[in-house]
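Analysis of the macromolecular model
Read off the chains here:
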Amino acid sequence: MTKTLHHRACHLCEAICGLTIETEMQLDGSTQIRSIKGDPQDSFSRGHICPKAVALQDIQNDPDRLRQPMRRVGSEWQAIEWEEAFALVAERLSAIQARHGHNAVATYQGNPSVHNYGLMTHSNYFFGLLKTRSRFSATSVDQLPHHLVSLQMYGHGMLLPICDIDHTDFMLILGGNPLASNGSIMTVPDVEKRLKAIQARGGKVVVVDPRRSETAVIADQHVFVRPGQDAALLFGLLNTLFEEDLGRASHLSVVGLDEARQAIAGFTAEAMSVRCAVPAEQIRQLARAFAAADKAVCYGRMGVSTQAFGTLCHWLIQLINLVTGNLDREGGALCTEAAIDLMASNSGTHFNRWQSRVSGLPEYAGELPVAALAEEMLSEGEGQIRALVTVAGNPVLSTPNGRQLEQALDGLQFMLSIDFYINETTRYADLILPPTAPLEHDHYDMTFNSFAVRNVSRFNQPVLEKSAGALHDWEIFVGLAKAFAGKIGVALKPTLPPAQLIDAGLRRGRYGDKSEQQLSLSTLLEHPHGIDLGALKPNLAERLLTPGQQVQAAPALLLSDLPRFVAQPLPDADELLLIGRRHVRSNNSWMHNYQRLVKGKPRHQLLMNPEDLARRGLVDGQRVRVRSRVGALEVEVAGSDEVMAGVVSLPHGWGHARPGVRIAIASAQPGASANDLTDERELDALSGNAVLNGVPVEVCAA
Ligand SMILES: Nc1nc2c(c(=O)[nH]1)N[C@H]1C(S)=C(S)[C@@H](COP(=O)(O)OP(=O)(O)OC[C@H]3O[C@@H](n4cnc5c(=O)[nH]c(N)nc54)[C@H](O)[C@@H]3O)O[C@H]1N2
Ligand SMILES: Nc1nc2c(c(=O)[nH]1)N[C@H]1C(S)=C(S)[C@@H](COP(=O)(O)OP(=O)(O)OC[C@H]3O[C@@H](n4cnc5c(=O)[nH]c(N)nc54)[C@H](O)[C@@H]3O)O[C@H]1N2
Ligand code: SF4
Ligand SMILES: [Mo]
């Protein structure tokens, strides 16, 4: 039987590891995957792989994965034809918009959207026709503060400085656990080796986290911080840098540094220490050590984005890199120069041009904060959302107050989901359109090549042929667009397949026709292990899109949030605060339907410090009830001094045993949904990003 070796980048997380996949043609003509391994010839990932990649074959073979359009009739699902499905969507959505206006139809795009380039190139082909301002995505339960800070300081939301991990001497990580997540807003395959290499060359890694995470365990120093209080810690660090004159000049042209310095003059390490629970002397020493390193970089991720002052946190992180001379410097923070530049799109250039109807939350890049999705469906009146299209997402498990969202979805007039599973969210759909499985389509990483710690580019052909009648995500969008345009009587511009758009983008890009490299799709096809385009280099000065191309150190919008910070009451030491947790064998709310990933020791428990257990008379392993303002759940508790006293940790994305969900293995797993506890009213008020970490909860015996 013929065996074939394929080379392919893994699309499951941001690390974009190169894979070598062996397939074998069967006697019946079908093709089976024989093995999935790391690709040692990928110069970026150097053979690194994690257990999730091996499960790509399980997605392919999963009997629960939908393979044809399904229409819900009551609680039954019936297969229907594609054309009939497209016509149904066009009819229902156009009728709802004709009656209630464009904004009555909402869209939600989940995380896998940005890992699937055809979805990125073609979703707007259909969504653009809907002309709705009710657009939502996982951005506002994630990295929205990063974009907003870049827009304010550098002039574009996609101009995100990335850690130059391979050249730094000092890496300060707040609220990120790359050993579990494999890195985020820092595409960094093989991150453990890269962190250890910092140490091997005499450098240091410091982790700030309320939990002694997997990354904290290998770090030189771990600092416990009270959840949600990183802004205080960062103020203390920056203030020390100013006060003790530890800064270093930057080659960048900067405005507002004095203003920033004055604005935070009162935020001394001593004043901030009571909030963040880090001793003042430790804050000062951390600032001194950071400033003393020749090359240093401060990095913050999920844990500091999804908290009440997430945007302030990211502003302060940028300022710490700036005032120590590490912004746009080798070994500091540098902007990736991708072969296809996301800055070419203007989607990262506007903020607060309109607001959500009920709570007045600001738009960013044409999207509203997803914490407002349920209230926009539940609050009656003009502009109320009456229909929803979800793509590659599961907001019932991934956005705050999932139970309220369930109730809202139940009341919709029409819901369409583009997804290959009947999960906690899509079970409410009237129609589910399943795309091909990942290995059945070609792949180019538009998003994560743009945030990589080296400049890299890679295109891969499909590993498996799609089955007859199956459609790719992008083809589904084309089908929907055609049917909808026909229904509302507008002319649709022709489109090209994603690969041709990539070819054009590569040729236009900085390594394209006008450059030495002459990069095009055909070059990438000749290099299936990917092409290395070099280390990151300073380039921010030329790329700034701010007035006068100056870094804005003290944007008015960010200064305007300082009074809210000052006005917060001091933290209550008796309060128990919930934080999240990721594991290398899980991926947000999915990939739980594959035995090879869910087996092994249970990972769903609520972690609680033994002191907190004892105070409540609880014992390790007991079932407990966890309650917040919005709801309650039951789960087993595990005593662990990994978490600091006053903190409990629960992974999100679990709790699949809900009626109507058709993912059998996942539904049999224990665990509950952390977002039955997170509060849709607790937001980073500046950006509208959800607060998923630092949620006050009570825990008692179940
Ligand atoms: N409490 C708490 N909540 C969180 C987080 C947290 O840390 N704590 N993290 C937040 C973050 S960072 C994120 S990004 C969100 C993620 O939240 P979402 O984006 O809403 O959820 P996912 O679990 O990524 O959604 C996966 C869905 O996409 C489908 N899918 C996978 N691949 C494809 C594809 O190629 N095409 C299509 N059409 N569908 C596909 C899967 O079948 C699955 O149903 O969760 C957020 N929620
Ligand atoms: N295996 C796996 N990999 C993934 C994902 C996954 O679900 N599983 N999801 C992917 C996605 S969508 C994303 S966005 C990235 C996220 O990538 P990371 O940000 O690296 O993800 P987490 O592992 O959630 O790390 C967040 C850390 O913040 C800590 N934390 C919580 N609250 C606070 C706080 O108040 N202050 C501080 N300083 N720390 C806090 C948590 O304890 C945790 O260690 O991971 C991606 N990679
Ligand atoms: S770390 Fe794992 S899931 Fe992420 S890209 Fe690499 S192999 Fe895929
Ligand atoms: Mo995310």
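**Side note on the overall build of the chain**
When helices and strands are tallied, the chain shows 26 helices and 32 strands. Over its C-alpha trace the chain gives a radius of gyration of 25 Å, about what one expects of a compact globule, namely 27 Å for 702 residues. Projecting the C-alpha coordinates of the chain onto the three principal axes gives extents of approximately 70 × 65 × 50 Å. Put simply, the chain has 702 residues, and 62% of those count as buried. Sequence-distant contacts in the chain: of pairs separated by 6 or more residues, those separated by 24 or more amount to 74%. Approximately 25,700 Å² of the chain is accessible, and the part contributed by carbon and sulfur atoms is 50%. Taken together, the 65 basic and 76 acidic charged side chains of the chain have centroids lying 2 Å from each other.

**Remarks on the pairing of strand 15 (residues 351–355)**
Strand direction decides the pairing type here: strand 15 and strand 16 (residues 362–364), joined by 2 bridges, are antiparallel. Its bridge partner lying in strand 16, glutamine 355 is registered against proline 362. Turn length for the strand 15-strand 16 hairpin, with the two strands adjacent in sequence and antiparallel, is 6 residues, and the turn residue glycine 360 shows positive phi of about 65 degrees.

**Thoughts on the sheet that holds strand 2 (residues 18–25)**
The strand order across the open sheet formed by 3 strands is 1-2-3, and the pairing between neighbours is antiparallel. Since the sheet does not close on itself, it has two edges, and those belong to strand 1 (3–9) and strand 3 (31–38), each with one partner. Each adjacent strand pair in this sheet contributes to an overall mean axis angle of 25 degrees, direction not counted. Sheet analysis places strand 1 next to strand 2, joined by 7 bridges and oriented antiparallel. When the sheet's bridge partners are listed, lysine 3 is paired in strand 2 with glutamate 24.

**Observations regarding the site of ligand 2**
In the vicinity of ligand 2 there are 33 residues, among which Ser181, Asp209, Asp230, Ser586 and Asn588 approach most closely. The separation between an oxygen atom of ligand 2 and a polar side-chain atom of arginine 582 is 2.8 Å. Mapped by element, the contributors of at least two residues to the shell around ligand 2 are helix 6 (178–181) and helix 13 (302–305). Among the residues forming the shell around ligand 2, the class breakdown is 10 nonpolar, 16 polar and 7 charged.

**Looking at the pattern of salt bridges**
Counting across every chain of the model gives 42 salt bridges. Here the salt bridges share partners, and the residues they tie into one network are Glu243, Glu244, Glu270, Glu281, Arg284 and Arg288.

**Remarks on the packing of helix 9 (residues 230–243) against helix 11 (residues 269–276)**
Orientation of helix 9 relative to helix 11, taken along the N-to-C sense of each, is 165 degrees, at an axis distance of 8 Å. It follows that helix 9 is roughly antiparallel to helix 11 by the angle criterion. For the pair helix 9 and helix 11, the sense of crossing is left-handed. Within the contact between the two elements, helix 9 uses Ala232, Leu233, Phe235, Gly236 and Thr240 and helix 11 uses Ala269, Met272, Arg275 and Cys276. Its residues assigned to classes, the contact of helix 9 with helix 11 comprises 6 nonpolar, 2 polar and 1 charged.

**What to know about helix 12 (residues 280–292)**
Look at helix 12: 18 Å from first C-alpha to last across 13 residues, which is about the 18 Å you get at 1.5 Å a residue. Looking at helix 12, one finds that the buried residues are Ala280, Ile283, Arg284, Leu286, Ala287, Phe290 and Ala291. Considered in projection along helix 12, the buried side chains sweep an arc of 160 degrees and stay on one side of the axis.

**Focus: the environment of isoleucine 432**
Assignment of secondary structure puts isoleucine 432 in strand 19 (residues 431–433). Once the C-alpha coordinates of isoleucine 432 and valine 389 are considered, the two residues, 43 residues apart in sequence, prove to be 9.8 Å apart. If sequence neighbours within four positions are ignored, isoleucine 432 has contacts with Leu66, Gln68, Pro69, Met70, Trp77, Ser417, Asp419, Tyr421, Ile422 and Thr426.

**Brief notes about the sheet that holds strand 19**
The strands making up a sheet associate through hydrogen bonds between their backbones, and the pairing can be parallel or antiparallel. Strand order in the open sheet formed by 7 strands is 5-4-19-18-17-6-7, and the pairing between neighbours is mixed. In the strand order of this sheet, the two ends are held by strand 5 (76–79) and strand 7 (135–137), each with one partner. Across the sheet, the mean angle from the axis of one strand to that of its neighbour is 20 degrees, orientation sign disregarded. Sheet analysis places strand 17 (residues 387–391) next to strand 18 (residues 414–418), joined by 5 bridges and oriented parallel.

**Digging into the packing of helix 4 (residues 117–130) against helix 19 (residues 498–508)**
Between helix 4 and helix 19, whose axes approach to 9 Å, the crossing angle comes to 95 degrees. By the angle class used here, helix 4 and helix 19 are roughly perpendicular. Residues Tyr117, Gly118, Thr121 and His122 of helix 4 form the contact with helix 19, whose participating residues are Pro498, Ala499, Leu501 and Ile502. Looking at the contact of helix 4 with helix 19 residue by residue, the class counts come to 5 nonpolar, 3 polar and no charged.

**Points about the domain arrangement of the chain**
The domains assigned to the chain are domain 1 (3–54), domain 2 (164–329 + 540–564) and domain 3 (569–701). The straight-line distance from the C-alpha centre of domain 2 to that of domain 3 is 27 Å. Counting residues at the interface gives 28 residues for domain 2 and 27 residues for domain 3. For the pair domain 2 and domain 3, the summed buried surface comes to about 2,200 Å²; carbon and sulfur atoms form 61% of the total. Of all residues in domain 2, the largest losses of buried area upon contact with domain 3 belong to Arg211, Pro227 and Thr306, amounting jointly to 26% of the total for that side. Where domain 2 packs against domain 3, one counts 3 salt bridges. Glutamate 642 serves as the salt-bridge partner of arginine 211, at 2.9 Å between the closest nitrogen and oxygen. Here domain 2 and domain 3 share 11 residue pairs in polar contact (both at pLDDT 80 or more) between them.

**Thoughts on the nonpolar core**
What tends to happen in soluble globular proteins is that the nonpolar side chains get buried as a cluster. Counting residues in each nonpolar core, the largest one holds 92 residues, and the members touching the most others are Met171, Leu172, Leu195, Phe235 and Trp315. By size, the runner-up hydrophobic cluster in this structure holds 35 residues, among which are Ala85, Phe86, Ala90 and Phe477.

**A word on the site of ligand 1**
In the neighbourhood of ligand 1, 28 residues make up the surrounding shell, with Tyr108, Asn111, Ser398, Asp419 and Ser589 lying closest. When the free accessible area of ligand 1 is taken as 920 Å², the share hidden by the protein chains comes to 97%. Classifying every residue of the shell around ligand 1 by side-chain character gives 13 nonpolar, 11 polar and 4 charged.

**Focus on the packing of aromatic side chains**
If you walk through the whole model with that rule in mind, you get 12 aromatic pairs. Summarising the aromatic geometry, the rings of phenylalanine 235 and phenylalanine 267 are spaced 4.5 Å apart at their centres and angled 65 degrees between planes, so their arrangement reads as edge-to-face. Placement of phenylalanine 235 in helix 9 and of phenylalanine 267 in the loop between helix 10 (257–263) and helix 11 is noted, with a sequence separation of 32 residues between them. Residue phenylalanine 235 is classed as buried on the basis of its relative accessible area, which comes to 0%. Phenylalanine 267 gets classed as buried once you look at its relative accessible area, which sits at 10%. Both rings, one in phenylalanine 420 and one in tryptophan 590, keep their centres 6.3 Å apart while their planes meet at 50 degrees; by these two values the pair is tilted. Residue phenylalanine 420 is found in the loop between strand 18 and strand 19, and its partner tryptophan 590 is found in the loop between strand 25 (576–579) and helix 24 (595–598); the two are separated by 170 residues along the sequence. Classification of phenylalanine 420 as buried rests on a relative accessible area of 12%.

**Structural notes on unusual backbone geometry**
Of note, isoleucine 16 is a non-glycine position whose phi angle comes to about 45 degrees, a positive value. Among the secondary structure elements, isoleucine 16 is positioned in the loop between strand 1 and strand 2. Non-glycine residue alanine 365 carries a positive phi angle of around 50 degrees. Residue position: alanine 365 is located in the loop between strand 16 and helix 15 (373–378). Judged by its relative accessible area of 23%, alanine 365 falls in the partly exposed class.

Cut-off values and rules
Residues numbered from 1 in each chain as written. Chains lettered and ligands numbered in written order. Predicted model: local features only at pLDDT ≥ 70, side-chain atom pairs only at ≥ 80, totals over all residues. Heavy atoms only, no water. Helix = DSSP H or I, 4+ residues; strand = E, 2+ residues; numbered from the N terminus. Rg over C-alpha atoms; globule rule 2.2 N^0.38 Å. Buried < 20%, exposed > 50% of the residue type's maximum accessible area, 1.4 Å probe, protein only. Contact = heavy atoms within 4.5 Å. Areas by Shrake-Rupley, 256 points an atom, 1.4 Å probe, with all protein chains shown as cover. Lys, Arg positive; Asp, Glu negative; His and termini not counted. Charge placed at Lys NZ, Arg CZ, Asp CG, Glu CD. Pairing = 2+ DSSP bridges. Axes fitted to C-alpha atoms, helices over the stretch in contact; angles between N-to-C directions. Near = heavy atom within 4 Å. Polar contact = N/O pair within 3.5 Å; in protein donor to acceptor, adjacent residues only side chain to side chain. Nonpolar A, V, L, I, M, F, W, Y, C, P; charged D, E, K, R; others polar. Salt bridge = Lys/Arg side-chain N within 4 Å of Asp/Glu carboxyl O. Parallel < 35°, antiparallel > 145°, perpendicular 65-115°, else oblique. Left-handed = near helix turned anticlockwise from the far one by under 90°. Expected span 1.5 Å × (residues − 1). Arc of directions from axis to C-beta. Domains from an automatic or database assignment. Buried area = accessible area lost by both parts, 1.4 Å probe. Core = buried A, V, L, I, M, F, W, Y, C linked by side-chain atoms within 4.5 Å. Phe/Tyr/Trp six-rings, centres within 6.5 Å; stacked < 30°, edge-to-face > 60°.

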